[in-house]
Structures are given as structure tokens and as C-alpha cells.
Amino acid sequence: MQKQKGDELKTGAIDIKTLLKMVADDNRLAFNMFYDLYYDQIFRFSYYFLKDTEACREVVAETFFSIWQSRLKLKDIENIETYLFVTVRNEATRYLSRSSKSRFVLLEDTTLQLTARENESPEDKLLMEEMERILNRVIDELPEKCRLIFLLARQEGLKPKEIAERLSINESTVRVQMKIAIDKIVASLKPHFPDITFSLLLMYIA
């Protein structure tokens, strides 16, 4: 049985639940596979918060170390994507709180950059900066799952079906959470930008 699992790991023919259980049981080969499988995603999650490559590398290392230390919990995890997002967020928060480098800001102030446009007028630039400030505040205040779904759609360009598959949830749940996120964003922007619409919002955050 042990040899069979080892062969499965080498060929990648193993489901995530089994992989997590093997990591929880101190299987280093399984952890190496877990590392290779989720490194890029954990790095992207960390970049949401830090916007700095070197800082992300450190946080990614801390995240994997934290996961290994807490590996016994892995066998009971229902949604690994959400678990990783929360773990990265916590590690990023710790990193920022202990960092004395002035180029880093508090987690609450990290921004989701809006797309710069050519021939942008000073008025447009001010509009973008204000909209970006409000947008990031609203995103930061979204419930955990809602924020994760919005970021997967916004940052990685995933479709509702792809997000549902990645998070092991219903596609209808993804669409509901996306609607909640968009409604909150539009409602928060309306008092400042009365003419804002969903389609116009997409132009700014695309």
C-alpha cells in the first residue's frame, strides 16, 4: 500500500484529499508535491497583499512552513483554496506588522491597482485615484469567501465555472457572491460618482 501511494505521488495520480492526508501523516514526498502544486497560487495570493516580489517570496516560505507545522489539520480541511488564502493573509499581516521598511504599508492600505490608461488627463487621474481608494476599502471589507471569489475573477480572470471548480463550490454560489461584491462596490461608489454603472465600473477595474 505504501509503495502504491509512492508510485501515485511520482505520477501525480492522486486526489487532493488523499494528498492532504498523506502530508498530515508526515509524508515529505507528499509535502513536496503539495509545494509544487500550490506554490504559484500562494505566491499570487501573497502578491494581492504585498505588491512586492521579494516580500512575497518570504511570505510564501513562511506560509509553507506554517502549513507544515499545522499539517495535522490538513486532513480535516474541506476547502484548501480558502485555507491557503486565509493562511497567506495572516502571514502577510505578520510580515507587514514586523517590517520596518518604509516602502511597505499596512495591510489595510494595500491597493488593488486600477489600470492606467494612455493620454490620461489630470482630472481622469484624480478620478482613478479616488475610485481606487474606495474600491480597495470595499474589497478589504468583503466577507472572506466573497473577497476570494472576487479576487480570483478580477486578478486571475477566472470564469464562474472555473472558480466553482477551484473552490469546490456551486457555480450559483460563485455568481451570488460576485453579485454581492459588485453591489457593495457600486453602492459605495455611487455617493462619490453618481453616474457610475456596472459597465463603467468594469472599464475602470478591468
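Just so you know, these numbers come straight off a predicted model, no measurement behind them.

**As for the side chain of Glu 91**
Then, number 1: Tracing the backbone shows Glu 91 in helix α5 (residues 80–98).
Then, number 2: Other than its neighbours up to four places away in sequence, Glu 91 contacts Val 59, Glu 62, Thr 63 and Ser 66.

**What about the nonpolar core?**
Then, number 1: In this structure, Phe 34, Ile 42, Phe 45, Leu 50, Ile 67, Leu 74 and Leu 84 are the most contacted members of the largest nonpolar core, which totals 58 residues.
Then, number 2: In terms of residues, this core owes the most to one element, helix α3 (residues 28–50), which gives 11 residues.
Then, number 3: Dropping the residues within four chain positions of it, Phe 34 is found in contact with Leu 19, Leu 20, Val 23, Phe 64, Ile 67, Ile 80 and Leu 84.

**A word on helix α2 (residues 16–24)**
Then, number 1: Among the residues making up α2, those that are buried are Leu 19, Leu 20, Met 22, Val 23 and Ala 24.
Then, number 2: At the N-terminal boundary of α2, the capping side chain belongs to Asp 15, with an oxygen 3.1 Å from the backbone nitrogen of Lys 17.
Then, number 3: Among the residues trailing α2, Asp 26 stands out with phi positive, at a value near 70°.

**A look at the pattern of salt bridges**
Any two side chains of opposite charge can pair if their charged atoms end up close together.
Then, number 1: As enumerated under the stated definition, the model contains 11 salt bridges in all.
Then, number 2: In this structure, the salt-bridge partner of Arg 147 is Glu 144, at a minimum N-O distance of 3.3 Å. With Arg 147 and Glu 144 both in helix α7 (residues 144–156) and three residues apart, this pair spans about one turn of that helix.
Then, number 3: Here Arg 147 falls in the buried class, since its relative accessible area comes to 7%.
Then, number 4: Overall, the relative accessible area of 22% leaves Glu 144 in the partly exposed class.
Then, number 5: Ionic contacts of the salt-bridge type, sharing partners, join the residues Arg 89, Asp 140, Glu 144 and Arg 147 into one network.

Cut-offs applied
Residues numbered from 1 in each chain as written. Predicted model: local features only at pLDDT ≥ 70, side-chain atom pairs only at ≥ 80, totals over all residues. Heavy atoms only, no water. Helix = DSSP H or I, 4+ residues; strand = E, 2+ residues; numbered from the N terminus. Contact = heavy atoms within 4.5 Å. Core = buried A, V, L, I, M, F, W, Y, C linked by side-chain atoms within 4.5 Å. Buried < 20%, exposed > 50% of the residue type's maximum accessible area, 1.4 Å probe, protein only. Polar contact = N/O pair within 3.5 Å; in protein donor to acceptor, adjacent residues only side chain to side chain. Salt bridge = Lys/Arg side-chain N within 4 Å of Asp/Glu carboxyl O.

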